[in-house]
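Residues per chain, in single letters:
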Amino acid sequence: MEVILAEHAGFCFGVTRAVDVVYEQIEKNSGKQIYTYGPIIHNETVVSDLEKKGVKVIESCEELKNINDGILIIRSHGIRKEIYEIIEKQGLEHIDATCPFVKRIHNIVEKESAAGKTIIVVGSAKHPEVDGIVSYASGPVYVVETPEDVDNLKLQEGTEICIVSQTTFNTNKFQETVDKFSNSRYNVNVVNTICSATEERQTEAEKIAGQVDAMIVIGGAHSSNSRKLYEICSRKCANTYFIQTIDDLNMDIPKDIKVVGITAGASTPKNIIEEVQKHVRTII
Ligand code: F3S
C-alpha cells in the first residue's frame, strides 16, 4: 500500500502569516482583547483553538462599531473597503494580515475602476474575499462564476473591461471564462490574479489524483480552495473524499485500493494532515 502526500498541502504563505500574527499578538498582549474581523482562516479547528485563547471573532459592521479598545486583526482574505474606513475612523489598533496577493487585486480594481473600466471578478460572489474585492470598485462591477454567466452579461459593445480573479479560483475554469470574453465585442484587459500557491496546489493535486486509486482532500467546510481541490480531484479519480478532520475518515475504502493520494486546502493545519496520513496507513 502506498500513500502519496502532496508537497503543496496545507497552509499557504498568506494563511501562515495571518495565523502567526494572531498567536504572536496573544503572546505579546496578555490582558488586551484580541479580535479578528471574520474568522482569521476557514478552518474550524484553528478558529476554535484561538477562541479558547480568548480571541473574539467580529461578525458584522454593527459589532465593530461597538468596539473601542483591543487589537483587531484583519483576516488573510481581506475585508470591504468601508470596513477599513470604520476601523480607521474609530482609531482602533489594528494589524492588517490581508495576504499581499489579495491586496494586489484591491489595488488593481481600485485603479482600473477609477480609470473608467468595468470590472469583472471571476469567482464566487458569496466568498468574503470576492465581497472585499468588489468593494474597491467605484464604478460598474460584476462577479461571474461560470462561462455561462458571461452570456448573461449584457454590456454595451466596446465596453472597456478589466478582468481579475479570486485568488483561489480554478485555473482551467478561469481560462474558459476569459475565453468567452475574448470572443465578445468588449475591449478586454485580463489580469490573472490566481495566486501561485493555488496554482501549484491545484496542478499537483490533479496530477496525484490521476495516479491513485483513492484521493483524500482535507479542508474546512467553508474553504473555497479546498472545495475546488475536491472538484479537480473528483474529475480525475472517482474515489475522491472530502474530509475536515480525522473524525470524518470513516469512509468505506474499496478493498482493491493500492495507492491513496492526500492533499489539503490552504487553511488546513499540518497536524491534521499528519494525523490523517498516519491513520490512512493503518486502516488500509
Ligand atoms: Fe494568499 Fe494565496 Fe494563500 S492569496 S492567503 S497565498 S491561497
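Residues numbered from 1 in each chain as written. Predicted model: local features only at pLDDT ≥ 70, side-chain atom pairs only at ≥ 80, totals over all residues. Heavy atoms only, no water.

## Re the overall build of the chain
Here is step 1 of the chain: Each helix and strand counted, the chain has 11 helices and 12 strands in total.
Here is step 2 of the chain: At 20 Å, the chain has a C-alpha radius of gyration in line with the 19 Å of a compact globule built from 284 residues.
Here is step 3 of the chain: Judged by the C-alpha coordinates and their principal axes, the chain covers about 60 × 60 × 25 Å.
Here is step 4 of the chain: Every one of the 284 residues in the chain was classed for burial, and the buried ones make up 52%.
Here is step 5 of the chain: Pairs at least 24 apart in sequence give 71% of the contacts found in the chain among residues at least 6 apart.
Here is step 6 of the chain: In the structure as shown, the chain presents an accessible area of about 13600 Å², 46% of it carried by carbon and sulfur atoms. (Helix = DSSP H or I, 4+ residues; strand = E, 2+ residues; numbered from the N terminus. Rg over C-alpha atoms; globule rule 2.2 N^0.38 Å. Buried < 20%, exposed > 50% of the residue type's maximum accessible area, 1.4 Å probe, protein only. Contact = heavy atoms within 4.5 Å. Areas by Shrake-Rupley, 256 points an atom, 1.4 Å probe, with all protein chains shown as cover.)

## Concerning the nonpolar core
Here is step 1 of the chain: One finds V212, M215, I216, I218, I262, V276 and V280 to be the most contacted residues of the largest nonpolar core, which totals 29 residues.
Here is step 2 of the chain: Broken down by secondary-structure element, the contributors of at least two residues to this core are strand 1 (2-5), helix 9 (196-209), strand 10 (214-218), helix 10 (224-236), strand 11 (240-243), strand 12 (259-264) and helix 11 (270-283).
Here is step 3 of the chain: When residues no more than four places from it in sequence are discounted, the contact partners of V280 are V3, I216, L249, V260 and I262.
Here is step 4 of the chain: Formed by 27 residues, the second largest nonpolar core is a distinct cluster that contains Y35, I58, I67 and Y136. (Core = buried A, V, L, I, M, F, W, Y, C linked by side-chain atoms within 4.5 Å.)

## A closer look at the domain arrangement of the chain
Here is step 1 of the chain: As far as domains go, the chain holds domain 1 (2-10 + 197-283), domain 2 (13-99) and domain 3 (101-194).
Here is step 2 of the chain: Taking only C-alpha atoms into account, the centre of domain 2 sits 28 Å from that of domain 3.
Here is step 3 of the chain: Contacts between the two partners involve 14 residues from domain 2 and, on the opposite side, 13 residues from domain 3.
Here is step 4 of the chain: Interface area, domain 2 with domain 3, both sides summed: about 1000 Å², of which 57% is carbon and sulfur. (Domains from an automatic or database assignment. Buried area = accessible area lost by both parts, 1.4 Å probe.)

## Side note on helix 11
Here is step 1 of the chain: In this model, helix 11 (14 residues) spans 20 Å end to end at C-alpha, consistent with the 20 Å of a helix rising 1.5 Å per residue.
Here is step 2 of the chain: For helix 11, the complete set of buried residues consists of I272, I273, V276, Q277 and V280. Down the axis of helix 11, the buried side of the element spans an arc of 135 degrees, and every buried residue falls inside it. More than 90 degrees from the buried face of helix 11, the exposed residues found are K270, K278 and T282. (Expected span 1.5 Å × (residues − 1). Arc of directions from axis to C-beta.)

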